[in-house]
Amino acid sequence: MAYPRWPFISIVVCAVFLAVGLAVFRIKLRTLDAFSAFLLFGAAVLSVLIVLYTRSLQRAQQIQLDTEERLHEMADNIQEIVWVIDAETKQALYVNAAYETITGRSCQSLLQNPSSYEDLVHPEDRVHVLTKLGEATQTGHFDERFRIVRADGEVRWVTVHGFPARDDAGRIYRLVGTAQEITALKEAEEKIAKHLAAAESARAESDALCKATLALTADLRMDFVLDKLLQSLLELVPGDCARVLLLEGETQLLVAREKLRHEVPKKAPEYPLTLDAADSPFLLRILTTQNSVSLADTKNEKDWASFKGHSDIRSWLCVPLVASQQTLGLLSVGHTQPNTFTQDHLRRTQLLAIPAAAAIQNSRLYERAEIYGSELQRRLTDLRQTEKALEQSEEGRRVSEDKFQKVFRSSPIPFSITTVNEGRFLDVNAAFERRYGYSRTEAIGHTVAELRIWEDPKDRALMVAQLQQRGTIRNAITRLRTKSGEVKTITYSADKIQFDGQSCILAVSEDLPNDDKSLNN
């Protein structure tokens, strides 16, 4: 590009030398000396060298032009942007045609405004990319992935690589590089990452469910099963609290266990919370349909206020525990923030409820076969000892008051002493407090009518009449109401005694074994 006049200059120089030579030759043709001959020869040689040098420059120029043309043709036909920027000003000096395809902007617009490429970078990535570009002018290396915004507003991903061009002094005066669109690659990477995350989540979920199933079957004791169940549930679902509600009767639900995520797990209290599904339409719906429920926000559930103990819960999942097509209870998890649970959380709870229901059913069978058998034997022994103590007291009150009080207080069977006429409580033991929910202070001084202990007051009148006639009642079937309102079918035994100078009734009550339905009827 710098040698277009060399051919003309070389021809002129050669012509001048030739003219000078001919002139000398004509003038001194006959007197030509050695110096003139040497001068003439030198002029001829110099002319030849100039011509050869000029031709070599022409060939080099042509090669350079051909090379640049081929490079431009290659750059214009590849899919990547080829770019050159000035290291000092960071202004673009050259881009190929791929710039228009990828960015949607013309090459001419960039050449007119050499810094306009900065506007292509996505606003969220711009500061980082320009900072790295500034560092590249010193280090000579630029390798970044970032987003660009096309002229039509479409966002695309590119990967850009830059390399230094140095002068003779080793100073970086150009940055040369390529830019390739990788939007499809980025989307593929994100899909792969998403699928890998889903696969990992599924694997972790499968491992957790397998671990939970093994834990639930490791021990048949009910306490162990319930604790492991709630622990496994909170590992699978991000809830603040979890509950196991066991069904007693038709609609009565007993909160058998409750666990908070950030507190030490606690067993059910001595007087557990009970709920009546008949008072809560959405709980009754779950029990009757055996369908799971997910509430995104409990404030939008009009019947939520009837659910005791969950006033602070905003998100709630509930899955029925079903074994052999029989509903055993409910498994629930709640969170204090709304819209916390997803369908995936509901699915995990449903999967856990399957082995949980089987474990609870097996635990009940185990306890009925082992625990209730030994408990019944122990209670029968205690009952015989109590009856013997009552007989001894009736025959002559040979048993001291201290011994009577010891038996009365320590017996695991509910005892009560009431007046015959009014039915006013004079004393109750600890077992009575646990069974019927009334403390000793709440019971003493009140009548059975005031506390509505008897489901049907006529039953007590009949018992008093029989007691007046026979002096004793053994294992009569009747129904008594607890403080919470629950009606229990029990066996009732009573004796007429003198207590504090009054004619009183010493009563003993026991639940029917296994809640025998035939005896209930």
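Please refer to the structure placed before this passage.
As the structure is a computational prediction, the values presented were derived from the model and not from experiment. (Residues numbered from 1 in each chain as written. Predicted model: local features only at pLDDT ≥ 70, side-chain atom pairs only at ≥ 80, totals over all residues. Heavy atoms only, no water.)

Undergrad: Describe the packing of aromatic side chains, with residues and values.
TA: The geometry of two aromatic rings is summed up by the distance between their centres and the angle between their planes. Evaluation of the coordinates by the stated rule reveals 3 aromatic pairs. Their ring planes at 65° and their centres at 5.3 Å tell us that Trp454 and Tyr492 sit as a pair that is edge-to-face. With Trp454 in the loop between α13 (448-451) and α14 (457-470) and Tyr492 in strand β16 (residues 487-499), this residue pair connects regions lying 38 residues apart in the sequence. For Trp454, a relative accessible area of 9% corresponds to the buried category. Feature note: the residues Phe425, Phe432 and Tyr436 constitute an aromatic cluster, connected by ring pairs. Of note, Lys186 hangs over the ring of Trp157, and the distance from its end group to the ring centre comes to 4.4 Å. (Phe/Tyr/Trp six-rings, centres within 6.5 Å; stacked < 30°, edge-to-face > 60°. Helix = DSSP H or I, 4+ residues; strand = E, 2+ residues; numbered from the N terminus. Buried < 20%, exposed > 50% of the residue type's maximum accessible area, 1.4 Å probe, protein only. Lys NZ or Arg CZ within 6 Å of the ring centre and 35° of its normal.)

Undergrad: I'd like to hear about the side chain of Thr447, residue by residue, with values.
TA: Structurally, the position occupied by Thr447 is in the loop between α12 (440-443) and α13. Judged by relative accessible area, which is 8%, Thr447 ranks as buried. What Thr447 contacts, discounting residues up to four positions off in sequence, is Glu422, Gly423, Arg424 and Phe425. (Contact = heavy atoms within 4.5 Å.)

Undergrad: Go over the sheet that holds strand β3 (residues 142-149), please, and point to the residues and values.
TA: The sheet built from 5 strands is open, its strands ordered β2-β1-β5-β4-β3 with antiparallel pairing. At either end of the open sheet lies a strand with only one pairing partner, and these are β2 (92-95) and β3. Going across the sheet, the axis of each strand differs from the next one's by a mean of 25°, ignoring polarity. Looking at chain direction, β3 and strand β4 (residues 155-166) are connected through 8 bridges and run antiparallel. Directly across from Asp143, in β4, lies its bridge partner His161. The strands touched by helix α5 (residues 123-139) are β1 (81-86), β3, β4 and β5 (172-181); relative to β3, the strand with the most contacts, the crossing angle is about 150°. (Pairing = 2+ DSSP bridges. Axes fitted to C-alpha atoms, helices over the stretch in contact; angles between N-to-C directions.)

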